[in-house]
Structure formats: structure tokens, C-alpha cells
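# Fold and contact review
Listed below, chain by chain, are the residues.
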Amino acid sequence: MTDSKHNEQDELQKYLEEKAKQDQEQEKKQQQEAESLSEYEACVLRESARVRELIAEAREGLDG
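Reading the values: the criteria
- For every chain, the first residue of the written sequence is number 1, and numbering continues from 1 along that sequence.
- In keeping with the predicted nature of the model, local features appear solely for residues at pLDDT of at least 70, side-chain atom pairs appear and are counted solely at 80 or more, and the whole-chain, interface and lining totals rest on all residues.
- Just so you know, side-chain values use all the structure's heavy atoms and leave hydrogens and water out.
- The way it works is that DSSP assigns letters per residue, a run of H or I at least four long becomes a helix, a run of E at least two long becomes a strand, and they are numbered from the N terminus.
- Taken over C-alpha atoms, the radius of gyration is set against a globule rule of 2.2 Å times the number of residues to the power 0.38.
- Here the term buried applies to any residue with accessible area under 20% of the maximum for its type, exposed to any over 50%, and partly exposed to those in between, with areas from a 1.4 Å probe on protein chains only.
- Like charges are joined within 9 Å and nonpolar side chains (Val, Leu, Ile, Met, Phe, Trp, Tyr) within 5 Å, but only among residues with over 30% relative accessible area and no salt bridge; these make up the patches.
- Accessibility throughout is a Shrake-Rupley quantity obtained with a 1.4 Å probe, and a residue counts as covered only by protein chains that appear here.
- Whenever a carboxyl oxygen of Asp or Glu lies within 4 Å of a side-chain nitrogen of Lys or Arg, that contact is scored as a salt bridge.
- Residues scored as charged are limited to Lys and Arg (positive) and Asp and Glu (negative), so that His and the chain ends carry no count.
- Throughout, a charge is located at the NZ atom of Lys, the CZ atom of Arg, the CG atom of Asp or the CD atom of Glu.

## Remarks on the overall build of the protein chain
Helix and strand counts for the protein chain come out as one helix and zero strands. For the protein chain, the C-alpha radius of gyration of 28 Å lies well beyond 11 Å, the compact-globule estimate for 64 residues. Summarising its shape, the C-alpha atoms of the protein chain cover approximately 95 × 10 × 5 Å along the three principal directions. Looking at the protein chain residue by residue over its 64 residues, the buried ones come to 0%.

## What about the environment of alanine 58?
Looking at where alanine 58 falls in the secondary structure, it is placed in helix H1 (residues 3-63). Here alanine 58 falls in the partly exposed class, since its relative accessible area comes to 45%.

## Thoughts on a nonpolar patch on the surface
Side chains of Leu12, Tyr15 and Leu16 sit close together on the surface and give an oily, nonpolar patch of about 320 Å² of accessible area. Relative to the elements of secondary structure, tyrosine 15 occurs in helix H1.

## Comments concerning the pattern of salt bridges
If you walk through the whole model with that rule in mind, you get two salt bridges. Of the charged contacts, one joins lysine 19 and aspartate 23 as a salt bridge, the two residues approaching to 3.7 Å between their closest N and O atoms. Of this pair, lysine 19 and aspartate 23 both sit in helix H1, four residues apart, which is roughly one turn of the helix. Its relative accessible area of 36% is what places lysine 19 among the partly exposed residues.

## A closer look at a negative patch on the surface
Taken together, the side chains of Glu53, Glu57, Glu60 and Asp63 define an acidic patch exposed on the protein surface. Here aspartate 63 lies in helix H1.

Pasting the structure below:
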């Protein structure tokens, strides 16, 4: 194999490895964003339940 072909293969291999690494990093980032959104949604649901409880208690206080 000639040096130029060997260099081309090395460059292609390096490019493919870097591309795979970037793809993995992007996938990991997207997964972290999805997890963060899930945590946010869980927080919103907890706070909504808390607000409903406070409203119910206030209504009971007005009726009683």
C-alpha cells in the first residue's frame, strides 16, 4: 500500500472516530436534556398538587 493511500485511510479512520465521538456526545446531551425536562415536569406536577391543596383548604376555611 502506498503512503498516500495509507495516509488517506488514517485520515478517514480519524474522521470516523471523531464523528462517532461527536454523535455520542450529542446523544448524551439530548438524554440529559430529556431527563432535566422530566425533573421539571415532576416539579410542576408537585407544585400543582400543592396549589390545589391550598385552594381546597381555603375553600374549607370559607365554608366552615
